[in-house]
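# Descriptive analysis of the structure
Residue strings, one per chain:
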Amino acid sequence: MKYKELVEIYEKLEKTSKRLEKTFIISEFLKKIKKEDLEEIINLLRGNVFPVWEEKKIGVSEKLVIKSISRIAGINDKEIEKKWAKIGDLGKVAEELIKNKKQTSLEEKELNLNKVFENLRKLASLEGEGTVDKKVGLISELLSNAQPIEARYIVRTILEDLRIGVAESTLRDAIVWAYLGKELKIKYINENLELEDRKNYDFIIERTQYNYDLCNDFVEVAKNIIEYGIDFHKKTKLSGGKPINVMLYPKAESIEDGFKSVGKPAAIEQKYDGFRLLLIKYKGKINLFTRRLENVTKQFPDIVMLTEEQIKGDDFILDSETIAVNSNGQWLPFQALSQRIKRKYDIQDIIKKIPIIIRIFDVVKYNNENLMEKPFIERRKLLEKIVKKSNKFDIAEQIITDNLEEAKKFYEKSLISGNEGIMMKDLNGKYQPGRRVGYGVKIKPILETLDLIIVAAEWGTGKRSKWLSSFTLSTIDKESFLEIGKVGTGIKEKSEEGVSFKELTRLLKPLIIEEKGRIVKLKPKIVVEVAYEEIQKSTTYTSGFALRFPRILGIKEDRRPKDVNDITSINNIFIKQRNRFIK
Ligand code: ATP
């Protein structure tokens, strides 16, 4: 297949923002493609050449792409950078430069889909000496044979920023429309989806999502549907060593509410303040995945060893929390761990500096059996059997109770030992991948919101390129502003829904004092109310603090810069939060 055919689809997708239309465009395309192109097409439609959880990444920097464009277009890097700053999209820069070049060049070879895919995959496996040159070689080879419009998408795919606005759910629906369209009597007419049996359609979409949550691989989902047809969901298995989307837990306001949600008696566990880790063993090989499906096996050889030594069995998926501890064995807050996740070299050093402990709280697959439908109490019993416990590697501390006082005591104890709160779980609850369902709830103390001031911002990319989309927040120390973090969440796309990017941009644009690339410095004027999960110590920001998961709740028009939460108040909240008690 010619790469051009896929590029035509990209263009169509980029031109429309309508989700149903995008679904229709992709589904019509999928109907036409050959089976042997399926893997490449599905991955490329996601703007990648590997499934999300694959350890290998294309991993090419913008600088290297610029170098490759420069080689093909015969224009120096600086010029390209200038154009990039102006247009904000290296893909379009490549397109424009290749357009100019093409007018003078005659040689032309049509690009093949397999060739593009192959070169992109090769980029991910290059290592060692001469890598940069080889990478530039692979990219230049593609660009030299590319039509201008093809260059746009090649560059964007390399940079993993395809900008065609295809969400996971759109691709999921398109697969259903393509391969089960007839059975489900799907009709897309005048931009509307017409269905004879809405319920059945919703059921199939839900099962497709479930299938995806088990493997995070649309190629596998599509192959299942093609092979088994409308009954694919009866045959879907937890296959291989692919990571699942983990189950999430809604928040309960109090222990009483918790009991209401999960029933009595309930299993109550400490809510450890670390990061979630899937421990997967398949065909004797262990892999570790974060909740965002990053493969962090290389960063944690210590966990791999513990898993190897302390879990019986050769095939399992366990759900766990990893917590950092200091040399006295005291638990450290989450941010200590982020150093471990980011570190790709001198691993042995950092293992010593930031040791970790693991608490396993669920098992979803064991010896090739999917345990998701089994009651939680049975899964926990299995954990008790298969985990050889130690201080470092244990199952989550748990009590089973229907007694409010006992539960409260456990909550208090959990907070005092430095945890975030507790989890309350339904003894009969299933494991529902990828969802925030009520088979378990979390309870943690509510922290007060902060009023902070916006001192800088960043222009967005893609469809947000006209808006400022990331905002630097500051607290105040007497007269000076001290940065405490960046926020991009909580802000809405549409003004009707609350504080929007558009509105913030309108308010902040006149306040710009300096502009460097996409970053703008602002006169400190706009005060916002910010919610967050926790205040952390940080060396990144001048205040010495950072906010975990900040989100803007609203603009505080009535506040002046000097009214914002000052550094002393932030320090007080920080201390209070470390000694949290139940109200
Ligand atoms: P939060 O920021 O509150 O951790 P979240 O969005 O990361 O929330 P939720 O599913 O809402 O995830 O909350 C539960 C989280 O708590 C899990 O994702 C997991 O990382 C962590 N956790 C700690 N201890 C446990 C436990 N015993 N059982 C389940 N989850 C636990």
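### Section: the environment of Asn114
- Assignment of secondary structure puts Asn114 in helix 7 (residues 113-125).
- Given the relative accessible area of 31%, Asn114 is considered partly exposed.
- Through-space distance from the C-alpha of Asn114 to that of Ile26 is 19 Å; in sequence the pair is 88 residues apart.
- Setting aside its immediate chain neighbours within four residues, Asn114 contacts Asp37 and Glu40.

### Looking at the site of the ligand
- In the neighbourhood of the ligand, 18 residues make up the surrounding shell, with Arg291, Glu321, Arg436, Lys442 and Lys444 lying closest.
- In the model, an oxygen atom of the ligand is placed 2.9 Å from a nitrogen or oxygen of the Tyr249 main chain.
- Within the side chain of Lys271, one N or O atom sits 2.7 Å away from an oxygen atom of the ligand.
- Elements with a contribution of two residues or more to the shell around the ligand: strand 3 (266-271) and strand 11 (421-426).
- Considered class by class, the residues forming the shell around the ligand number seven nonpolar, one polar and ten charged.

### Remarks on the pairing of strand 13 (residues 450-459)
- In terms of residue burial, strand 13 counts as a mostly covered element, since ten of its ten residues are buried.
- Relative to strand 18 (residues 527-531), strand 13 runs antiparallel, the two sharing four bridges. Within strand 18, the residue paired with Asp451 across the bridge is Glu529.
- Sheet analysis places strand 13 next to strand 14 (residues 468-477), joined by six bridges and oriented antiparallel. Bridging across to strand 14, Trp459 finds its partner in Leu468.

### Points about the domain arrangement of the protein chain
- By domain assignment, the protein chain separates into domain 1 (255-439) and domain 2 (450-582).
- Computed over C-alpha atoms only, the centres of domain 1 and domain 2 are separated by 33 Å.

### Notes on the pattern of salt bridges
- Tallying each qualifying case throughout the model produces 44 salt bridges.
- A salt bridge links Lys389 to Glu384; the shortest N-O distance between them is 3.2 Å.
- Classification of Glu384 by relative accessible area gives partly exposed; the value is 39%.
- Salt bridges sharing common partners tie together Lys271, Asp273, Glu420, Lys444, Glu533, Arg548 and Arg551.

### Here's the deal with helix 18 (residues 376-386)
- If you check which residues of helix 18 are buried, you get Phe376, Arg379, Arg380, Leu382, Leu383 and Ile386. Buried positions in helix 18, seen along its axis, are confined to an arc of 155 degrees and lie on one side of it. Counted as exposed and oriented over 90 degrees from the buried face of helix 18: Lys381 and Lys385.

### Digging into the packing of aromatic side chains
- Applying the stated rule across the entire model yields eight aromatic pairs.
- Their ring planes at 45 degrees and their centres at 5.8 Å tell us that Trp177 and Tyr188 sit as a pair that is tilted. Of this pair, Trp177 sits in helix 10 (residues 168-180) while Tyr188 sits in strand 1 (residues 187-189), and the two are eleven residues apart along the sequence.
- Here the aromatic rings of Phe545 and Phe574 are separated by 5.3 Å at their centres, their planes lie at 55 degrees, and the arrangement is tilted. Highlighted residues: Phe545 in strand 20 (residues 545-548) and Phe574 in helix 21 (residues 567-578), separated in sequence by 29 residues. Across this residue pair, the class does not change: Phe545 and Phe574 are buried.
- Ring pairing ties together the aromatic residues Phe24, Trp177 and Tyr188, which thus form one cluster.
- One cation-aromatic arrangement involves Lys264 over Phe259; the distance from NZ or CZ to the ring centre is 5.0 Å.
- Sitting over the ring of Tyr345, Arg343 keeps its end group 4.9 Å from the ring centre.

### With respect to the environment of Glu110
- Tracing the chain through its elements places Glu110 in the loop between helix 6 (90-102) and helix 7.
- A C-alpha to C-alpha distance of 40 Å links Glu110 and Lys298, two positions 188 residues apart in sequence.
- If near-sequence neighbours (up to four positions away) are discounted, Glu110 is found in contact with Lys2 and Lys4.
- A distance of 3.3 Å separates a polar atom in the side chain of Glu110 from a polar atom in the side chain of Lys4.

### Digging into unusual backbone geometry
- Residue Pro265 is reached from Lys264 by a cis peptide bond, and omega for that bond is -10 degrees.
- With respect to the helices and strands, the residue Pro265 is situated in the loop between helix 14 (255-262) and strand 3.
- We note that Glu191 has phi near 65 degrees; this positive angle belongs to a residue other than glycine.
- Among the structural elements, Glu191 can be located in the loop between strand 1 and strand 2 (192-194).
- When its relative accessible area of 40% is taken as the criterion, Glu191 is described as partly exposed.
- The phi torsion at Lys283 lies on the positive side, around 50 degrees, for a residue other than glycine.
- Topologically, Lys283 is positioned in the loop between strand 4 (275-282) and strand 5 (285-290).
- Classification of Lys283 as exposed rests on a relative accessible area of 72%.

### Some words on the packing of helix 3 (residues 38-45) against helix 7
- Packing of helix 3 against helix 7 leaves a shortest axis separation of 11 Å and a crossing angle of 65 degrees. Taken as a pair, helix 3 and helix 7 cross one another with a handedness that is left-handed. Two secondary-structure elements touch here, helix 3 through Glu39, Glu40, Ile41, Asn43 and Leu44 and helix 7 through Leu113, Asn114, Phe117, Leu120 and Arg121.
- For the contact of helix 3 with helix 7, the per-class residue count stands at five nonpolar, two polar and three charged.

The rules behind these values
Residues numbered from 1 in each chain as written. Predicted model: local features only at pLDDT ≥ 70, side-chain atom pairs only at ≥ 80, totals over all residues. Heavy atoms only, no water. Helix = DSSP H or I, 4+ residues; strand = E, 2+ residues; numbered from the N terminus. Buried < 20%, exposed > 50% of the residue type's maximum accessible area, 1.4 Å probe, protein only. Contact = heavy atoms within 4.5 Å. Near = heavy atom within 4 Å. Polar contact = N/O pair within 3.5 Å; in protein donor to acceptor, adjacent residues only side chain to side chain. Nonpolar A, V, L, I, M, F, W, Y, C, P; charged D, E, K, R; others polar. Pairing = 2+ DSSP bridges. Domains from an automatic or database assignment. Salt bridge = Lys/Arg side-chain N within 4 Å of Asp/Glu carboxyl O. Arc of directions from axis to C-beta. Phe/Tyr/Trp six-rings, centres within 6.5 Å; stacked < 30°, edge-to-face > 60°. Lys NZ or Arg CZ within 6 Å of the ring centre and 35° of its normal. Axes fitted to C-alpha atoms, helices over the stretch in contact; angles between N-to-C directions. Left-handed = near helix turned anticlockwise from the far one by under 90°.

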